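Reading the structure
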Amino acid sequence: MASTTLTAAAVLTAAAGTLTYAALSAQSQLFGPTLIAPAKPNEIALTYDDGPNPSATPHLLEVLARHEVRATFFLIGNFVRQCPALVREIAAAGHLIGNHTTTHPWLAWQSNARIREELSACNKSLEDTLGAPVHYFRPPHGARRPYVLHTARELGLIPVQWNILAGDWKPVDAATIAARVTRGIAHNRRRNRASNIVLHDGGSLNLGAPRTPTVEATDQLLRTYIPGGTKFVTLASWI
Ligand SMILES: [Zn+2]
C-alpha cells in the first residue's frame, strides 16, 4: 500500500515536472514547435526583448548600424503605443519586429481569453504603427501552454524561443554579458547549432530601464565575431 502510494506520488511528481518543463523550458517542443536555431553554427541571431525603450534603443540602433548588422526586436504593445516613432525607426533600419504581448504577463497561467487579447492587441499596435503585418512572437519569460502556441499560429505568428540567455535584465556589466554569450555560442557550435541570443533593450515594468551594459556588450560581441566571419541574421532567414 505504502509503496503503491509512493509510486503514485512519484508518477504525479514526474508528470508535474514534465508539464513545468514543457511550459517553461526554452527549448522544450512538448507543447508544440517553436523556432530556436537551425544547424548553421556560423550564424547568430541577436534578439532584443521588452522594448521599445527611449533610453536604450536609439543607442543600440546606432551600434547595429555601425556594424551593418540586422537584429530582431520583440516589442511590448503598451510601449509601442507610447513610442511609435521609435518603432518605425527600428523597422526603417531593416530590423525584424515581433510581438512580445501587450503587457508582458506569464501567459502559461492566464485564461484563454486573456492570452488571445494579449497577442491580438499587440499585433494591432504593431500593425497600426508599421502598416504591415507581424509574423513572429516570443512569449514573455518563454512561458507557454498549448493554447498560447495555437493562438499565435492562428494569428499568423511563428512562436520563437532561444538557446542563449544572458541574464541582462538584472544589473550586470557589459563584460559579464559578453562572457555569458560567448560561452553560449561556443556551446551551440559544439552542437552544430546557430545561436539565438536573448538580450534586453527594455524592461517589462516600465519605459526607461537602464540598458547601457547590453548595448556595450552588443558592440563587444560584434567586434569579436564579425572579423571571424560569423554571419549575423534576423530570425526571418531561418524560416
Ligand atoms: Zn520579455
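Refer to the preceding data block for the structure.
The rules behind the values
- Residues numbered from 1 in each chain as written.
- Predicted model: local features only at pLDDT ≥ 70, side-chain atom pairs only at ≥ 80, totals over all residues.
- Heavy atoms only, no water.
- Donors = N, O, S within 2.8 Å, 3.2 Å for Na, K, Ca; no water.
- Helix = DSSP H or I, 4+ residues; strand = E, 2+ residues; numbered from the N terminus.
- Buried < 20%, exposed > 50% of the residue type's maximum accessible area, 1.4 Å probe, protein only.
- Patch = residues over 30% accessible without salt bridge, like charges linked within 9 Å, V, L, I, M, F, W, Y side chains within 5 Å.
- Areas by Shrake-Rupley, 256 points an atom, 1.4 Å probe, with all protein chains shown as cover.
- Salt bridge = Lys/Arg side-chain N within 4 Å of Asp/Glu carboxyl O.
- Arc of directions from axis to C-beta.
- Contact = heavy atoms within 4.5 Å.

Observations regarding the coordination of the zinc ion
Bound to the zinc ion on the protein side are Asp50 (OD), His100 (NE2) and His104 (NE2), at distances that span 2.1 Å. Donor residues for the zinc ion, ordered by position in the chain, follow D-x49-H-x3-H. In this pair, Asp50 sits in strand 1 (residues 43-51) while His100 sits in the loop between strand 3 (96-99) and helix 5 (112-130), placing the two residues 50 residues apart along the sequence. A relative accessible area of 5% places Asp50 in the buried class.

Topic: a nonpolar patch on the surface
A cluster of nonpolar side chains, contributed by Leu24, Trp106 and Trp109, occupies part of the molecular surface with about 330 Å² of accessible area. Locating Leu24 in the fold gives a position in helix 1 (residues 2-24).

A closer look at helix 4 (residues 84-92)
All of the buried residues along helix 4 are Leu86, Val87 and Ile90. Projected onto a plane normal to the axis of helix 4, the buried residues spread over an arc of 105 degrees and lie on a single side. Among the exposed residues of helix 4, those oriented more than 90 degrees off its buried face are Ala85 and Ala92. Buried positions along helix 4 lie against helix 2 (57-66), strand 2 (72-75), helix 3 (77-82), strand 3 and helix 5. In the stretch just after helix 4, Gly94 is the one whose phi turns positive, near 95 degrees.

What about the pattern of salt bridges?
Per the counting criterion, the structure on display carries eight salt bridges. Close ionic contact of Asp219 with Arg66 constitutes a salt bridge, the shortest N to O distance being 3.4 Å. Of this pair, Asp219 sits in helix 8 (residues 212-225) while Arg66 sits in helix 2, and the two are 153 residues apart along the sequence. For Asp219, a relative accessible area of 13% gives the class buried. In this structure, Asp128 engages Arg81 in a salt bridge whose closest nitrogen and oxygen atoms are separated by 3.2 Å. With Asp128 in helix 5 and Arg81 in helix 3, this residue pair connects regions lying 47 residues apart in the sequence. Its relative accessible area of 44% is what places Asp128 among the partly exposed residues. A single network of salt bridges, built from pairs that share partners, joins Arg66, Asp219 and Arg223.

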